[in-house]
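The chain contents come next:
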Amino acid sequence: MKKVYAAGILSLLFCAVGTLINYLYYRENNHLLLCFRTYGGEITIEHGFALRAVHIYGMTPDAVTTHSLRFSPIGMLATLLVSFGILLLILTLAGRLLKK
């Protein structure tokens, strides 16, 4: 049970630090640093930790390029679950290897 709590706390910290890094980087550069990008025509969507950035690029001279940043609860949940699973596996394997 200790491993489950440890993995949960570490995954929360991992997600919080990743979200903070992405937020601070977005404030400086209008892009996320740690993310998956999806490209399509005049739009780019970046998913990273608990944030989603959408960039819509103007394709005509009078069009405006926009950038928006939103909190993504599904992205946060996915990051938490994946990091929890990986950390729990690492802690379980480390515990078994150290017992031998």
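Okay, so let's go over this structure.

Broken down by element type, the chain carries two helices and four strands. Taking 13 Å as the expected radius of gyration for a compact globule of 100 residues, we find that the chain reaches 18 Å, considerably beyond that expectation. Along the longest, intermediate and shortest principal axes, the C-alpha atoms of the chain span 70 × 20 × 20 Å. The buried share of the chain, reckoned over its 100 residues, is 23%. The contacts of the chain with a sequence gap of at least 6 include a subset with a gap of at least 24, amounting to 40%.

Across its 28 residues, helix α1 (residues 2-29) extends 40 Å between first and last C-alpha, which sits within 8% of the 40 Å expected from 1.5 Å per residue. Taken together, the buried positions of α1 are occupied by Ala-7, Gly-8, Ser-11, Cys-15, Gly-18, Thr-19, Asn-22 and Tyr-26. Of the surrounding secondary structure, the elements contacted by the buried residues of α1 are β2 (43-48), β3 (51-56), β4 (66-71) and α2 (73-99). One or two steps after α1, the chain reaches Asn-30, where phi turns positive at roughly 60 degrees.

As enumerated under the stated definition, the model contains one aromatic pair in all. Relative to Phe-49, the ring of Phe-14 has its centre 5.4 Å away and its plane inclined at 65 degrees; by these criteria the two rings are edge-to-face. Linking Phe-14 in helix α1 with Phe-49 in the loop between β2 and β3, this pair joins segments that are 35 residues apart in sequence.

Reading the values: the criteria
- Residues numbered from 1 in each chain as written.
- Predicted model: local features only at pLDDT ≥ 70, side-chain atom pairs only at ≥ 80, totals over all residues.
- Heavy atoms only, no water.
- Helix = DSSP H or I, 4+ residues; strand = E, 2+ residues; numbered from the N terminus.
- Rg over C-alpha atoms; globule rule 2.2 N^0.38 Å.
- Buried < 20%, exposed > 50% of the residue type's maximum accessible area, 1.4 Å probe, protein only.
- Contact = heavy atoms within 4.5 Å.
- Expected span 1.5 Å × (residues − 1).
- Phe/Tyr/Trp six-rings, centres within 6.5 Å; stacked < 30°, edge-to-face > 60°.

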